[in-house]
Amino acid sequence: MNVRIGEEARERVRDATDIVQLIGERVQLRRAGRSYKGLCPFHTEKTPSFTVTPDRQIWHCFGCSRGGDVFAFVMEADKVTFPEALRMLADRAGIELPKQERTPGDEAFDRLYQANALARDFFRASLQSEAAAKARAYLAGRGFEEPWLARFEVGWAPEGWDGLMTALAKLLPAEVMEQAGLIVRRADGSGHYDRFRNRVLFPVATGAAKIAGFGARAIAEGDEPKYLNSPETPVFRKGRLLYGLPIARPGMRERGEAVVSEGYLDVIRLHASGFTNAVSTCGTALTPDQARLLARLQVDVLLLYDGDDAGVRAADRGLDPLLEAGVNVRVLLLPSGEDPDSFLRKEGAGALRERLESALDVPSFVAESKLAGVGGAGVGGTGAGGPGANPTLEQRVKRLVGLLGRIEDPIRRRLLLRRGADVFGLEETVLIEAVQGRGRGRRVAKPGVGVGTGSRPGAPGQAGTTSAGAGTAPAASEATPTPSDPIELELAGRVLTEEGAFTEVLVQGGAICFRSEPLRELLEPWFGEGRAPREDEIQTLLAQSPLTRAILAELPPEPGRTVEASRKEAKDLIQRLEERRLKASIQVLDQAIREAERSRDEGSLGRLIAERRDLASKLHTRSSHPAIH
Ligand SMILES: [Zn+2]
């Protein structure tokens, strides 16, 4: 859909939807000042922390950090994608959505999908033929039976050079088959031959269940390569597809989690064993595109890999794109040499289910798994010990710091940071400093929308689809510590929405006016830009950043306030913050003075008393002349 048309439709549907009424149908809401409160439908709670703010057309849960606009609510409540939510709310509001405009490119794509669909039918039928006895024996020998083969539309490409080509010749021109990667042109130009011969075929479908290409496994001894994929075509982009996705989607929605492994047979075995939320990469490392796809599906991810060196490295590499896409991830490594298929066959579904319970979170994986921490993009694989050597503690900590720096959501980062400190037995502050040191350089380099998807900050039309991912992913299931100082929160809210407050804080030093690290991170890029976010950028932030929602959900609107008044208000808030900080510092000094007295440390005592006198006079000046500054 054209981005602008999509954007307009979104706006119209949002404007036409009464957020209080929509949510009120599912959640009992009580008015509380200018917002409404209720018990969060997405996490268990006894006191209401679920807030709907009609002024801003947002909802936010202070308990679990979920939130967003009306679309985000429907996506979360009904486990649907953004386009589905858009359609549902458009129907509800009686709005006709613009038809998707078709371009000549779409028709070329359709021809390739059609060619692949015909090929799938041919391969399916071939697997039932007499000639396919060996292929069927191979699959049966590995324990794969109908109906699972039928469910995944597994087929067989016959031996010989032109079975498919001859069968499809009446239906499709050779050029289309060639473009779809089904047949290969002879080197001497004298025609074509079938790409896949005597192989078991796994059709790889898009999310919309169109066949994009095939993975093919050899069944004859010595046939190389063991796995052969369709070549990259306009519709077959391995790095953007997840094998089994259309079949796994209901299971993923139900569980809120996707099991991601590496192989075609793994996926089929997992489904046949009851793990109906399994998908796989097409034999490649997980890509950023695949990670974003998973983020849009609003699921947590469990990486299920072989525990051999290659498997650990693949899992390790998968963490970077997943965390960057805002996905919650855990890792389960099977015993070395076992893939999900072989493990399930030997040990059964119960054993796997048990192991899945103990899958590792990111800090534990980096801390505990052999080899973890050297394979990822963050730290080069050529560490001290070289490839193959177990990383040192220092390398592992560095790797974790690199990974945490990829997480844009400050609250989620904080939770993993705390966990990392636990796992490594480090002071939390040490990790915080390390992560901040990294994060700062990265963030300043790209002002714009500070929290969100990163790659295209604030790009128009993006907020809707990405609110599926970064912001509202069912991630923060634990209690989430929002910065708790109400004065800081109010000041941050004014900075985001009022020109006067922004200017005042900017001239007083910008982000350093804030103690809270998440608030500094949220605001720093705007101070770098020298301007407050525009209304559309606020919308993007609201969709993507739980922190922004938390701030603005409670901020009273001040319509018609002058820039001057807003500046003055901000100045007062900054002053109250400073006063409190001075008082806190004085308390700390008082304690230090008492200790110095007790230990008769005359040198320190004199210095401390002088320092305290200094602070006390600063505090006095401030509180006695609030207007002068
Ligand atoms: Zn909640």
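Nothing here was measured: the structure is a model prediction, and the numbers come from that model.

A. The arrangement of the overall build of the protein in detail. What the protein contains, in helices and strands, is 26 helices and 16 strands. The buried share among the 629 residues of the protein stands at 46%. Counted over contacts in the protein with a minimum sequence separation of 6, partners at least 24 positions apart contribute 67%.

B. Seen up close, the sheet that holds strand 3 (residues 50-53). Pairing is antiparallel across the open sheet formed by 5 strands, whose spatial order is 1-2-3-4-5. Looking at which strands have only one partner, the edges of the open sheet turn out to be strand 1 (30-32) and strand 5 (67-68). Pairing of strand 3 with strand 4 (residues 58-61) involves 4 bridges; the strand directions are antiparallel. From the neighbouring strand, Val-52 faces strand 4, where its bridge partner is Trp-59. Against the sheet, helix 24 (residues 546-553) engages strand 2 (35-38), strand 3, strand 4 and strand 5, with an angle of about 105° to strand 4.

C. Inspection of helix 11 (residues 264-272) at higher detail. Of all the 9 residues making up helix 11, 9 are buried; the element is thus mostly covered by neighbouring parts of the structure. Taken together, the buried positions of helix 11 are Tyr-264, Leu-265, Asp-266, Val-267, Ile-268, Arg-269, Leu-270, His-271 and Ala-272. Downstream of helix 11 by a residue or two, Gly-274 has a phi angle that is positive, lying close to 100°.

D. Expanded view of helix 4 (residues 82-93). For helix 4, with 12 residues, the first-to-last C-alpha span of 16 Å sits near the 16 Å given by 1.5 Å per residue. All of the buried residues along helix 4 are Phe-82, Ala-85, Leu-86 and Leu-89. Seen along its axis, helix 4 keeps its buried residues to an arc of 100°; they face one direction. Of the residues flanking the end of helix 4, it is Gly-94, one or two places downstream, whose phi is positive at about 70°.

E. Summary view of the packing of helix 11 against helix 14 (residues 340-357). Interhelical geometry of helix 11 versus helix 14 gives an angle of 35° and a closest axis separation of 8 Å. Across the interface between the two elements, Leu-265, Asp-266, Arg-269 and Leu-270 from helix 11 touch Pro-340, Asp-341 and Leu-344 from helix 14.

F. Here's a closer look at the pairing of strand 2. Judged from the 3 bridges that link them, strand 1 and strand 2 form a sheet pairing that is antiparallel. When the bridges of strand 2 are listed, Arg-31 appears paired with Tyr-36. Adjacent in sequence and paired antiparallel, strand 1 and strand 2 are bridged by 2 residues, among which Gly-33 carries a positive phi angle near 65°. Of the pairings in the sheet, the one linking strand 2 to strand 3 comprises 3 bridges and is antiparallel in character. Across the sheet, Gly-38 pairs through a bridge with Phe-50, a residue of strand 3.

G. Structural context of the environment of Ser-566. Position of Ser-566 among the secondary structure elements: in helix 25 (residues 563-598). As for Ser-566 and Thr-503, which are separated by 63 residues in sequence, their C-alpha atoms are 9.5 Å apart. Apart from residues no more than four positions distant in its own chain, Ser-566 is found in contact with Arg-494, Glu-498, Glu-499, Gly-500, Ala-501 and Arg-561.

H. Seen up close, the nonpolar core. Ranked by internal contacts, the top residues of the largest apolar core, which has 154 residues, are Leu-201, Leu-294 and Val-301. Per-element accounting of this core gives the leading share, 7 residues, to helix 5 (residues 104-128). Excluding anything up to four places from it in sequence, Leu-294 contacts Ala-258, Val-299, Val-301, Ala-325 and Val-327.

I. View of the sheet that holds strand 12 (residues 257-261). Read across the sheet, 5 strands follow the order 13-12-14-15-16 without closing on themselves; strand pairing throughout is mixed. Each edge of the open sheet carries a strand with a single partner, namely strand 13 (278-280) and strand 16 (360-361). Bridging between strand 14 (residues 300-305) and strand 15 (residues 329-333) involves 5 bridges; their strand directions are parallel. From the neighbouring strand, Leu-304 faces strand 15, where its bridge partner is Leu-332. Lying on the sheet, helix 10 (residues 245-255) is in contact with strand 12 and strand 13; it crosses strand 12 at an angle near 135°.

J. Layout of the environment of Ala-258. Residue placement: Ala-258 occurs in strand 12. What makes Ala-258 buried here is the crowd of 25 C-beta atoms within 10 Å. When neighbours within four sequence positions are excluded, Ala-258 is seen to be in contact with Ala-248, Met-252, Asn-277, Val-279, Leu-294, Val-299 and Val-301.

K. Inspection of the pairing of strand 14 at higher detail. The element strand 14 is extensively covered by neighbouring structure, given that 5 of its 6 residues are classed as buried. Note that strand 12 and strand 14 share 4 bridges and pair parallel. Bridge pairing in strand 14 links Val-260 to Leu-303. Taken together, strand 14, helix 13 (residues 309-324) and strand 15 form a β-α-β motif whose crossover is right-handed.

L. Representation of the confidence of the model for the protein. Mean pLDDT for the protein: 82, with 86% of residues reaching 70 or above. In this model, residues 375-386 is a region of pLDDT below 50 whose contacts with residues beyond four sequence positions or in other chains number 29 contacts. Overall, residues 439-481 carries pLDDT values under 50, and its contacts beyond four positions in sequence, including any with other chains, amount to 124 contacts.

M. Region of the structure containing unusual backbone geometry. The step from Glu-146 to Pro-147 runs through a cis peptide bond, and the omega angle for that step is 10°. Mapped onto the fold, Pro-147 is located in the loop between helix 6 (133-141) and helix 7 (148-151). In this structure, Pro-225 follows Glu-224 across a cis peptide bond, with omega equal to -10°. One non-glycine residue with positive phi stands out, namely Gln-57, at about 60°.

N. Highlighting the environment of Pro-203. Within the element layout of this structure, Pro-203 appears in strand 9 (residues 199-205). With 25 C-beta atoms packed within 10 Å, Pro-203 lands in the buried category. Taking the C-alpha atoms as reference points, Pro-203 and Ala-119, separated by 84 residues in sequence, lie 9.3 Å from one another. Among residues more than four places away in sequence, those in contact with Pro-203 are Arg-120, Glu-153, Ile-211 and Phe-214.

The rules behind each value
Residues numbered from 1 in each chain as written. Predicted model: local features only at pLDDT ≥ 70, side-chain atom pairs only at ≥ 80, totals over all residues. Helix = DSSP H or I, 4+ residues; strand = E, 2+ residues; numbered from the N terminus. Buried ≥ 20, exposed ≤ 12 C-beta atoms within 10 Å, placed from the backbone. Contact = placed C-beta atoms within 7 Å. Pairing = 2+ DSSP bridges. Axes fitted to C-alpha atoms, helices over the stretch in contact; angles between N-to-C directions. Expected span 1.5 Å × (residues − 1). Arc of directions from axis to C-beta. Core = buried A, V, L, I, M, F, W, Y, C linked by C-beta atoms within 7 Å. Right-handed = clockwise from strand over helix to strand, strands pointing away. pLDDT = per-residue confidence, 0-100.

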